[in-house]
Number of protein chains: 2
Amino acid sequence: MHIAVDAMGGDHAPRVVVAGAAEAVRTAGVGVVLVGDADLVRSELARIPDSSSLDIRVVHAADAVGMGESPVRALRRSRSTSIRVAADLVATGQAVALYSAGNTGATVVAAHGAMGLLEGAERPALATVVPTSRGPAVLLDVGANADCRPAHLVMFAVMGMAYAKVGLGITQPRVGLLSIGEEAGKGNELVRLAHGLLRDSALPFVGNVEARDVYSGAADVIVCDGFTGNIAIKVSEAMVDMVQQRLGTEAFEALRRLVDDSERGGAPLLGVAGPCVVGHGRSSACAIRNGIAMAHRFAADGLIDRIASGLVGVRGSVS
Amino acid sequence: MHIAVDAMGGDHAPRVVVAGAAEAVRTAGVGVVLVGDADLVRSELARIPDSSSLDIRVVHAADAVGMGESPVRALRRSRSTSIRVAADLVATGQAVALYSAGNTGATVVAAHGAMGLLEGAERPALATVVPTSRGPAVLLDVGANADCRPAHLVMFAVMGMAYAKVGLGITQPRVGLLSIGEEAGKGNELVRLAHGLLRDSALPFVGNVEARDVYSGAADVIVCDGFTGNIAIKVSEAMVDMVQQRLGTEAFEALRRLVDDSERGGAPLLGVAGPCVVGHGRSSACAIRNGIAMAHRFAADGLIDRIASGLVGVRGSVS
């Protein structure tokens, strides 16, 4: 099994991507296809002593999407961006999963475009794992959809449950809805409507989860629109950064690992019809390694099939 | 000058409210009107040795709004809730400002109902102060409006600027818009539309501020809808709680003071036609004292007039 890796994606690409990919091949029992400027990628591979003995292939892509670039514009500009070529490898069966630490929006658009959406998914969603006092929980969407309709949040719940089962080993994940108060009537219009849909669904819905309870383990899968979710995780990371600045470095590495996806490798993009993991732009080689291993695990564990069958269950019950 | 204090509001009311109010009278050069169940309040005052020598009056209110109660329902249920009677004292000139650590929604509705809104405000907004590496900044709305229109965010910017000047001494506050990307096109529909209004206004608009830059001082006044703002501050507080649990207690008290409004006393409710400070439900007596002193300062510094004249400037330029 090979993982298609966007070699040009990330703040320190292609160097740390190539280094992380090599480490994934060495340690995670997986092969990698590095997609990007072939000359650049090969010169990075040449820096790695044992690279010729590793199961690494290189596929050339002439262009790359910049980290700050508009995804839609970038993907229109060129058919041969590294993220697009990498996504196509999965769509055509030449790789089993996609990993990118590049422009998140471009990864979402490319994966969606190349692989399509699972039936019933309606929208892809980016999931992240948050630490809680009862263990890890899934928070989604954290950035694939700035605007959502109520039914989307139900789909996110279904997809998040499949991810919680496969990715975190939670056998009976409970679903919560991120809001500003626990009562059903609390929240913005989206949340109030989504609350009704979730309550009337067959899902194990525990009700609204306040932001202060995100880290307390009130639910195993917490759904929200991608704007709110992105603000929530980014502001938490910023808080950790500030803590670190104010109180010194040492003790905080352990904490950063809790809130930073790097340790875990990245955020799975759910809803697209193939495994796709989105890494942080600032990913280290270690984070890249973990992200690729995560993509491999999703492919091996059949995450996509689990999500697809979960979606079958709710299709038609919400619109 | 007397501050009207909702003696029944807060997780530990009336005891800590009465204790905090007494401390404010002792140390902040202010008089206080305690509004609530007169027997209960007087029995709490009796526990304070020097209370008879302090400038504290008691006004009876037969009812109180519970912390989890629906604000609209509670205020419809009774005309004599402590928060409503306290707000009326300000509206009728018997007190110069309102302080409550009770049900936030009820405080917003009662203050709005009794004092009315400033011309041009359209909506009240709850402001909070966040620590940044360049000093404090104002974030609003953090919970008064779960759903907003783009023009509301412009009004929030104007009100937040007045607060930054009066409350924080920032002479030329820069305005930012909380979003999930720096570019103008990034964000949800509300943010994209608000971006255009802010850009075309005469306000010192620095553009979108990503959540990761909230604590880095990219702007002095950061505006957002009340749902997003509430999630952002609550999730940050939750993160600090988790940090504390994981890494021990001592060093974190300093940090908690940075992110917890308690030290500062509370969040001003902007837009209503009188000074109003909303404390945390879990406020200690010290936090109550600080909140009342804050309300006093707003009354003494003419915050309301500053906001009113700021609103005159933008009225008509957005709709």
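Residues numbered from 1 in each chain as written. Chains lettered and ligands numbered in written order. Predicted model: local features only at pLDDT ≥ 70, side-chain atom pairs only at ≥ 80, totals over all residues. Heavy atoms only, no water.

Caption draft 1: Region of the structure containing the overall build of chain A. In terms of regular secondary structure, chain A is built from twelve helices and eleven strands. Computed over C-alpha atoms, the radius of gyration of chain A comes to 19 Å, within 12% of the 20 Å expected from 2.2 N^0.38 for 319 residues, which places it in the range of a compact globule. A principal-axis box enclosing the C-alpha atoms of chain A has dimensions of 60 × 50 × 35 Å. Taking all contacts inside chain A whose residues are at least 6 apart in sequence as the whole, residues at least 24 apart take part in 72%. Entry remark: accessible area of chain A is about 11600 Å², with carbon and sulfur atoms responsible for 48%. Here chain A contributes 29 positively and 32 negatively charged side chains, and the mean placements of these two sets differ by 1 Å. (Helix = DSSP H or I, 4+ residues; strand = E, 2+ residues; numbered from the N terminus. Rg over C-alpha atoms; globule rule 2.2 N^0.38 Å. Contact = heavy atoms within 4.5 Å. Areas by Shrake-Rupley, 256 points an atom, 1.4 Å probe, with all protein chains shown as cover. Lys, Arg positive; Asp, Glu negative; His and termini not counted. Charge placed at Lys NZ, Arg CZ, Asp CG, Glu CD.)

Caption draft 2: Fine view of the interface of chain B and chain A. Opposite the 40 residues of chain B that make contact, chain A presents 40 residues. Here chain B and chain A share an interface that buries about 3600 Å² over both sides, 76% of which is from carbon and sulfur atoms. Three residues, I180(B), F227(B) and M239(B), lead the burial of chain B against chain A; their summed loss comes to 18% of the area buried on that side. Taken together, the links from chain B to chain A amount to two salt bridges. Among the ionic pairs, R192(A) bridges to D147(B), the shortest N-O distance being 3.6 Å. (Buried area = accessible area lost by both parts, 1.4 Å probe. Salt bridge = Lys/Arg side-chain N within 4 Å of Asp/Glu carboxyl O.)

Caption draft 3: Spatial organisation of the nonpolar core. Core analysis: the biggest nonpolar cluster contains 240 residues, and L34(A), L98(A), I292(A), L34(B), L98(B) and I292(B) have the highest contact counts within it. Residues contacting I292(B), with those up to four places away along its chain left out, are I3(B), V5(B), A21(B), A24(B), V30(B), V32(B) and Y99(B). (Core = buried A, V, L, I, M, F, W, Y, C linked by side-chain atoms within 4.5 Å. Buried < 20%, exposed > 50% of the residue type's maximum accessible area, 1.4 Å probe, protein only.)

Caption draft 4: Just the relation of the copies chain B and chain A, in detail. By a simple turn and slide, chain B fits onto chain A: the slide is 0.0 Å along the axis, the RMSD is 0.0 Å, and the turn is 180°. On this basis, the relationship between the two copies can be described by a two-fold rotation axis. By residue overlap, the copies meet face to face through one surface: 100% of the interface positions of chain B are interface positions in chain A. (Least-squares fit on C-alpha atoms with pLDDT ≥ 70 in both.)

Caption draft 5: Structural view of helix α5 (residues 104-115) of chain B. Residues and elements named next belong to chain B. Between its first and last C-alpha atoms α5 spans 16 Å; for twelve residues at 1.5 Å apiece the expected length is 16 Å, and the two agree. Considered for burial, the residues of α5 that qualify are A106, T107, V108, A110, A111 and M115. Packing partners of the buried residues in α5 comprise α3 (71-77), α4 (82-91), β4 (97-100), β10 (267-270) and β11 (276-278). One side-chain oxygen at the N-terminal end of α5 lies 3.1 Å from the backbone nitrogen of G105; it belongs to N103. Phi turns positive one or two residues past the end of α5, at G116, with a value near 75°. (Expected span 1.5 Å × (residues − 1). Polar contact = N/O pair within 3.5 Å; in protein donor to acceptor, adjacent residues only side chain to side chain.)

Caption draft 6: Structural view of the packing of aromatic side chains. Residues and elements named next belong to chain A. Scanning all chains against the criterion turns up two aromatic pairs over all chains. Consider the rings of Y163 and F298, whose centres lie 5.5 Å apart with planes at 80°: the pair is edge-to-face. Here the residue Y163 occupies a position in helix α6 (residues 150-168), and F298 occupies one in helix α11 (residues 285-301), the gap between them amounting to 135 residues. Summarising the burial analysis for this pair, Y163 and F298 share the class buried. (Phe/Tyr/Trp six-rings, centres within 6.5 Å; stacked < 30°, edge-to-face > 60°.)

Caption draft 7: Focus on the sheet that holds strand β10 (residues 267-270) of chain A. One open sheet accounts for eleven strands, arranged β3-β2-β1-β4-β11-β10-β5-β6-β9-β7-β8 (chain A); its pairing is mixed. If you trace the sheet from one side to the other, it starts and ends with β3 (56-60) and β8 (205-210) of chain A, each paired once. On average, adjacent strands in this sheet sit at an angle of 30° to one another, irrespective of strand direction. As judged from the six bridges shared by strand β5 (residues 125-132) of chain A and strand β6 (residues 135-140) of chain A, these two strands associate in the antiparallel manner. Counted as the bridge partner of V129(A) is V138(A) from β6(A). The sheet contacts of helix α2 (residues 38-45) of chain A involve β2 (31-36) and β3 of chain A, and relative to β3(A) the element is tilted by about 155°. Sitting on the sheet, helix α8 (residues 226-247) of chain B touches β5, β7 (175-179) and β8 of chain A, and the angle it makes with β7(A) is about 115°. (Pairing = 2+ DSSP bridges. Axes fitted to C-alpha atoms, helices over the stretch in contact; angles between N-to-C directions.)

Caption draft 8: Spotlight on unusual backbone geometry. The omega angle of the peptide bond from L140(A) to D141(A) is -5°, so this bond is cis rather than trans. The omega angle of the peptide bond from A13(B) to P14(B) is -5°, so this bond is cis rather than trans. With respect to the element layout, P14(B) can be found in the loop between β1 (2-6) and α1 (15-28). Of note, E122(B) is a non-glycine position whose phi angle comes to about 65°, a positive value.

Caption draft 9: Expanded view of the sheet that holds β1(B). Residue and element names in this part refer to chain B. The eleven strands are arranged β3-β2-β1-β4-β11-β10-β5-β6-β9-β7-β8 in an open sheet whose pairing can be described as mixed. At either margin of the open sheet sits one strand with a lone partner, and together these are β3 (56-60) and β8 (205-210). Within this sheet the neighbouring strands show an average axis-to-axis angle of 30°, counted without direction. Alignment of β10 against β11, held across two bridges, turns out to be antiparallel. The partner of P268 across the bridge, within β11, is V277. Contacts from helix α2 (residues 38-46) reach β2 (31-36) and β3, with the element oriented near 155° to β3.

Caption draft 10: Layout of the side chain of S236(B). Summarising the element assignment, S236(B) is placed in helix α8. With a relative accessible area of 1%, S236(B) lands in the buried category. In contact with S236(B), not counting residues within four places along its chain, are V235(A), M239(A) and Y215(B).

Caption draft 11: A look at the pairing of strand β6 (residues 135-140) of chain B. Residues and elements named next belong to chain B. The turn joining strand β5 (residues 125-132) and β6, which pair antiparallel and follow one another in sequence, is formed by two residues. When β6 meets strand β9 (residues 221-223), the two strands line up parallel, connected through three bridges. Its bridge partner lying in β9, L140 is registered against V223.

Caption draft 12: How the structure looks around the packing of helix α8 (residues 226-247) of chain A against α8(B). Between α8(A) and α8(B), the least distance of the axes is 9 Å, while the angle of their chain directions is 40°. In terms of their interaxial angle, α8(A) and α8(B) are classed as oblique. Our pair here, α8(A) against α8(B), has a crossing hand that is right-handed. Facing α8(A), whose interface residues are F227(A), T228(A), I231(A), A232(A), V235(A), S236(A), M239(A), V240(A) and V243(A), α8(B) presents F227(B), T228(B), I231(B), A232(B), V235(B), S236(B), M239(B), V240(B) and V243(B). For the contact of α8(A) with α8(B), the residue count by class is 14 nonpolar, four polar and no charged. (Parallel < 35°, antiparallel > 145°, perpendicular 65-115°, else oblique. Left-handed = near helix turned anticlockwise from the far one by under 90°. Nonpolar A, V, L, I, M, F, W, Y, C, P; charged D, E, K, R; others polar.)

Caption draft 13: Representation of helix α1 (residues 15-28) of chain A within the structure. Residue and element names in this part refer to chain A. Here α1 contains 14 residues, and its C-alpha end-to-end distance of 19 Å stays within 8% of the 20 Å for a straight helix at 1.5 Å per residue. Along α1, the residues classified as buried are V16, V17, V18, G20, A21, A22, A24, V25 and A28. As for α1, its buried residues are in contact with β1 (2-6), β2, α2, β3 and α11. Just beyond α1, the residue with positive phi is G29, at close to 65°.

Interpretation in functional terms is not warranted from these geometric data alone.
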